[in-house]
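The lines below spell out each chain.
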Amino acid sequence: MAVSHGSNGTSYLLPADKEDWEEQGIPDFVYGQKELMWEGVQWPRNMPSLADVDTLPLSRFDSALCSAWRQRMELGLFRYCLGELQTQTLPGSMGFVAQLNIERGVQRRCPQNISSVRQAFDPEQFNFNKIRPGEVLFRLCREPDLPGVVLQQEDILVMINVSPLEWGHVLLVPDPIQGLPQRLLPGVFRAGLEAVLLSSHPGFRVGFNSLGGLASVNHLHLHGYYLAHRLPVEGAPSEPLDPGGHLHLLQAVPAPGFLFYTSGPGPDLEALISRVCRATDYLTDHEIAHNLFVTRGAPPGKTSPSSDLTGVRVILWPRKSSFGIKEREAFNVALCELAGHLPVKTSQDFSSLTEAAALALIQDCLLPPAQAEEVQAALVALTAQEEQ
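A quick note: this is a predicted structure, and the numbers were derived from the prediction, not measured. (Residues numbered from 1 in each chain as written. Predicted model: local features only at pLDDT ≥ 70, side-chain atom pairs only at ≥ 80, totals over all residues. Heavy atoms only, no water.)

K.L.:
What exactly am I supposed to notice about the sheet that holds strand E4 (residues 136-142) here?
P.N.:
Paired through their backbone hydrogen bonds, the strands of a sheet run either parallel or antiparallel. Read across the open sheet, the 11 strands follow the order E1-E4-E5-E6-E8-E7-E12-E13-E11-E10-E9; overall the sheet is mixed. The strands lining the two open edges of the sheet, one partner per strand, are strand E1 (28-31) and strand E9 (238-240). For this sheet, the mean inter-axis angle between neighbouring strands, taken without regard to orientation, is 25°. Bridging between strand E11 (residues 257-262) and strand E13 (residues 311-319) involves five bridges; their strand directions are antiparallel. Counted as the bridge partner of Thr-262 is Val-312 from E13. (Pairing = 2+ DSSP bridges. Helix = DSSP H or I, 4+ residues; strand = E, 2+ residues; numbered from the N terminus. Axes fitted to C-alpha atoms, helices over the stretch in contact; angles between N-to-C directions.)

In structure tokens:
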């Protein structure tokens, strides 16, 4: 992971002199459709470990991100130094991956005062216009090379999360000057999907927390990070909710969620982006908090945890609104916890946590059954409208 230059000679590392950081400007990471890897990215056949995944060949995207991220860690731009995290798979059928991350629980920035899923952007609060110059790794730029499809191209800043969950934890942020609130939009969602496809690492995932879904900053951003472990949502079975098979209900997972899936570029990918954003628009407009997780995974249907990664799964969880952090809980429930990755705050909780206790914390955040059924009916109706 020590590569520091792109194939075009672009350097993603900061100059040695700190005074030159701002003058250097933000380097562009320009990519095209040919770099999106739809096939061939799989977990090693043996049970993956961190060492196994580190020996996998890295894509140009992985090399740029990891080398620049490591340099920022060495330069002390994070709130704490992230070492190898103590990790365990909790006994039980869910396959929870728990990690002890004490520093994040102590050092992370206090969440903003948020009271609505639709809250407006406030330039007086912390936002991504106020970060230090060295925190931005590069600008993600998509070449307009899709045959027959005209896209509104949007450049996305890739910056470090100064309180990282795991190795390579970054934020994907549309032009911060726009002052966009934390509401999912097609441009940044497309960039998140394509970031997963640019990575040759099967454990690079992307996600979104809405306001009320534990987003701590009301300024539009996605999370991206590496986790060298399979997660339950990659291969969990699902049942279709609409005749066209575009919306599924994910089963046998910590929290039932709505599953969207695509295995190819072009119109299929654009249709998925449209469906997901219409769903999140509905939830936001109805003041329903939500979390979203993007991972390589198996197609919908009767799959298994060891199924091949044949496409991209997008899982959407409507949930109870939660404003603020519950300090006494073993973990806070947001995008990665719903997917089965549990960053735990204290050694005591890490050593005593059980699958039953984790499930109880997660399920306490879900919508009441009557409201969940109402949301499901609304999303099925939205899907049917799009198919007409």
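K.L.:
How should I be thinking about a negative patch on the surface in this particular structure?
P.N.:
On the surface, Asp-17, Glu-19, Asp-20, Glu-22 and Glu-23 cluster together into a negatively charged patch. Along the chain, Asp-17 falls in the segment before helix H1 (21-24). Accessibility expressed as a relative area gives 38% for Asp-17, which makes it partly exposed. (Patch = residues over 30% accessible without salt bridge, like charges linked within 9 Å, V, L, I, M, F, W, Y side chains within 5 Å. Areas by Shrake-Rupley, 256 points an atom, 1.4 Å probe, with all protein chains shown as cover. Salt bridge = Lys/Arg side-chain N within 4 Å of Asp/Glu carboxyl O. Lys, Arg positive; Asp, Glu negative; His and termini not counted. Charge placed at Lys NZ, Arg CZ, Asp CG, Glu CD. Buried < 20%, exposed > 50% of the residue type's maximum accessible area, 1.4 Å probe, protein only.)

K.L.:
Help me out: how do you make sense of helix H6 (residues 267-285) in this one?
P.N.:
It helps to recall that an α-helix has 3.6 residues per turn; residues three or four apart then point in one direction. The first and last C-alpha atoms of H6 sit 27 Å apart over 19 residues, in line with the 27 Å expected at 1.5 Å per residue. Looking at the buried positions of H6, the neighbouring elements they touch are helix H5 (186-198), E11, strand E12 (289-297), E13 and helix H10 (369-387). Positioned one or two residues after H6, Glu-287 has a phi angle of 60°, which is positive. (Expected span 1.5 Å × (residues − 1). Contact = heavy atoms within 4.5 Å.)

K.L.:
For this particular structure, what's the right way to read the sheet that holds strand E2 (residues 87-89)?
P.N.:
In spatial order, the strands read E2-E3-E14; together these three strands make up an open sheet with mixed pairing. In the strand order of this sheet, the two ends are held by E2 and strand E14 (341-344), each with one partner. Geometrically, the sheet is characterised by an average inter-axis angle of 20° between neighbouring strands, direction not taken into account. When strand E3 (residues 97-100) meets E14, the two strands line up parallel, connected through four bridges. Note that in E14 the partner of Val-97 across the bridge is His-341.

K.L.:
Explain the nonpolar core here, please?
P.N.:
One recurring pattern in soluble globular proteins: nonpolar side chains tend to sit buried together. Ranked by size, the top nonpolar core spans 68 residues in total, and within it Phe-61, Phe-138, Leu-140, Phe-189 and Val-314 carry the most contacts. For Leu-140, the contacting residues outside a window of four places in its chain are Phe-29, Tyr-31, Phe-61, Glu-154, Asp-155, Ile-156, Val-158, Ala-191 and Leu-198. Ala-98, Leu-335, Leu-342 and Leu-359 belong to the second-largest nonpolar core, a separate cluster that totals 36 residues. (Core = buried A, V, L, I, M, F, W, Y, C linked by side-chain atoms within 4.5 Å.)

What is shown is where atoms sit, not what they do.
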